[in-house]
Amino acid sequence: MNLTFLLETLGLLFISTLLLRIAGKKSMAKMSNLEVVIILAIGTTMGHATIKEHKFWQIIVILIFFILYLITLQYLQIKSKTIRRYLTGNATVVIRNGQIIGANLKKLRMTTQQLEMKLRQKGISFISNVNTATIESDGELGYELMEHAQPITREELLKLIKENQNEYLQNDQNKKQDNLFNKVPGV
């Protein structure tokens, strides 16, 4: 039995994985029309190469091999930081202390306008309000706001309400003591 088709399939999977990795984080998150066409072309080419002149049982074996390949790579990514770094990548810092890091945007092949769009989609109006922002390995934006721009938490709100009530009660007692009618006997 000739098993060279499995080696060819492994080679195609490896090359396709590398090509998608080279395509970058931005390409995998929300793809433009061009990027969709390129990804489909890679998949179609891979499909034609593996299925061409193979028998039905070989196609079934190839499909099973695709799934096993995926599961194996996912398992290896869990076990090895090096494999995870090369296949998935790490988050890339694009804003630090309210300043855009242009060099990292260039590495990601992302424009300032694209970054601003991602910030607006998260409801962020000012870059200066962002302490740190990253483009995650899936292409999404992760961020931490500066302390002055962070929303108030329920705990902080309850604390402020309690402090305000204590102040109000204290002022109310002071007003009662300062009331001139309290000094008049019989009133």
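Since the model is a prediction, treat every value here as computed from it, not as a measurement.

1. Quick look at the sheet that holds strand β1 (residues 92-96)
Through backbone hydrogen bonds, the strands of a sheet pair up, either in parallel or in antiparallel fashion. Taken in spatial order, the four strands of this open sheet run β2-β1-β3-β4, and their pairing is antiparallel. The open sheet has two edge strands with one neighbour each: β2 (99-100) and β4 (141-145). Where β1 and strand β3 (residues 130-135) come together, four bridges link them in antiparallel fashion. Pairing of arginine 96 across the sheet is with threonine 132, part of β3.

2. Description of a nonpolar patch on the surface
A surface patch of nonpolar side chains, amounting to about 440 Å² of accessible area, comprises Ile152, Leu157, Leu158, Leu160 and Ile161. Mapped onto the elements of the fold, leucine 160 is located in helix α8 (residues 154-178). Overall, the relative accessible area of 46% leaves leucine 160 in the partly exposed class.

3. Structural notes on the nonpolar core
In terms of nonpolar packing, the biggest core is built from 13 residues, with Val94, Ile95, Leu115, Leu119 and Val130 touching the most fellow members. Counting residues per element, the ones that place at least two in this core are β1, α7 (112-121), β3 and β4. For this core, the element with the highest residue contribution is β3, accounting for three residues. When neighbours within four sequence positions are excluded, isoleucine 95 is seen to be in contact with Ile100, Ile101, Leu115, Leu119, Ile127, Val130, Asn131, Thr132 and Ala133.

4. Regarding the side chain of glutamine 77
Residue position: glutamine 77 is located in helix α4 (residues 56-79). Take glutamine 77: its relative accessible area is 19%, and that puts it in the buried class. Ignoring any residue separated from it by four or fewer positions in sequence, one finds glutamine 77 in contact with Ile83, Arg84, Leu87 and Thr88.

5. Quick look at the environment of leucine 18
Among the secondary structure elements, leucine 18 is positioned in helix α1 (residues 4-23). The exposure class of leucine 18 is partly exposed, given its relative accessible area of 38%. Taking the C-alpha atoms as reference points, leucine 18 and tyrosine 86, separated by 68 residues in sequence, lie 9.0 Å from one another.

6. Describing the pairing of β4
Of the pairings in the sheet, the one linking β3 to β4 comprises five bridges and is antiparallel in character. Opposite valine 130, over in β4, you have leucine 145 as the bridge partner. Counted between consecutive antiparallel strands, the loop separating β3 from β4 contains five residues, among which glycine 139 sits at a positive phi close to 90°.

7. Notes on the confidence of the model for the protein
Mean pLDDT over the protein stands at 79; residues scoring 70 or higher make up 71%. Ranking the elements of the protein by mean pLDDT puts helix α2 (residues 25-29) last with 53 and β2 first with 97.

8. Examining unusual backbone geometry
The phi dihedral of asparagine 97 falls on the positive side, at around 55°, and the residue is not glycine. Structurally, asparagine 97 is set in the loop between β1 and β2. With phi around 55°, arginine 109 is a residue other than glycine that occupies positive phi space. Of note, arginine 109 is situated in the loop between α6 (102-107) and α7.

Here is what the cut-offs are and how they apply
- Residues numbered from 1 in each chain as written.
- Predicted model: local features only at pLDDT ≥ 70, side-chain atom pairs only at ≥ 80, totals over all residues.
- Heavy atoms only, no water.
- Pairing = 2+ DSSP bridges.
- Helix = DSSP H or I, 4+ residues; strand = E, 2+ residues; numbered from the N terminus.
- Patch = residues over 30% accessible without salt bridge, like charges linked within 9 Å, V, L, I, M, F, W, Y side chains within 5 Å.
- Areas by Shrake-Rupley, 256 points an atom, 1.4 Å probe, with all protein chains shown as cover.
- Salt bridge = Lys/Arg side-chain N within 4 Å of Asp/Glu carboxyl O.
- Buried < 20%, exposed > 50% of the residue type's maximum accessible area, 1.4 Å probe, protein only.
- Core = buried A, V, L, I, M, F, W, Y, C linked by side-chain atoms within 4.5 Å.
- Contact = heavy atoms within 4.5 Å.
- pLDDT = per-residue confidence, 0-100.

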